[in-house]
Amino acid sequence: MKCSVCGKDIEETFLGKIRGNYRREKGVLEVVCSSCSRQMTETTHH
Ligand SMILES: [Zn+2]
């Protein structure tokens, strides 16, 4: 799976879980890597 923000591959754990976050954008489920999601939360808090 690729990050919808930076396009980098997101690692998966051996359980098949991604090292990132899911978010729903206009009804579409997207995945965002942990570094991008951290940046997004920082910007939305400003
Ligand atoms: Zn990213």
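Above this text is the structure in question.
Just so you know, these numbers come straight off a predicted model, no measurement behind them.

### Re the overall build of the chain
What the chain contains, in helices and strands, is 1 helix and 2 strands. The secondary structure elements of the chain, listed N-terminal to C-terminal, are β-β-α. Principal axes of the C-alpha set define a box for the chain whose edges measure 35 × 20 × 15 Å. Sorting the 46 residues of the chain into buried and exposed places 9% on the buried side.

### Quick word on the environment of Val 28
Locating Val 28 in the fold gives a position in strand S2 (residues 28-33). In the structure, Val 28 is positioned 10 residues away from Arg 38 in sequence and 20 Å away in space, judged by C-alpha atoms.

### Observations regarding unusual backbone geometry
Positive phi outside glycine occurs at Lys 26, with the angle close to 50 degrees. Take Lys 26: it is sitting in the loop between strand S1 (20-25) and S2. Taking the number of C-beta atoms within 10 Å as the measure of exposure, Lys 26 has 5 and is therefore exposed.

Quick notes on the rules
All residue numbers refer to positions counted from 1 along the written sequence of the respective chain. Since the coordinates come from a predicted model, pLDDT governs what is reported: local features require at least 70, and pairs of side-chain atoms require 80 or more to be given and counted, while whole-chain, interface and lining totals use all residues. Numbered from the N terminus, helices here are DSSP runs of H or I no shorter than four residues, and strands are runs of E no shorter than two. Whether a residue is buried, exposed or partly exposed follows from its count of other C-beta atoms within 10 Å of its own C-beta, namely 20 or more, 12 or fewer, or something in between, respectively; the C-beta atoms are built from the backbone.

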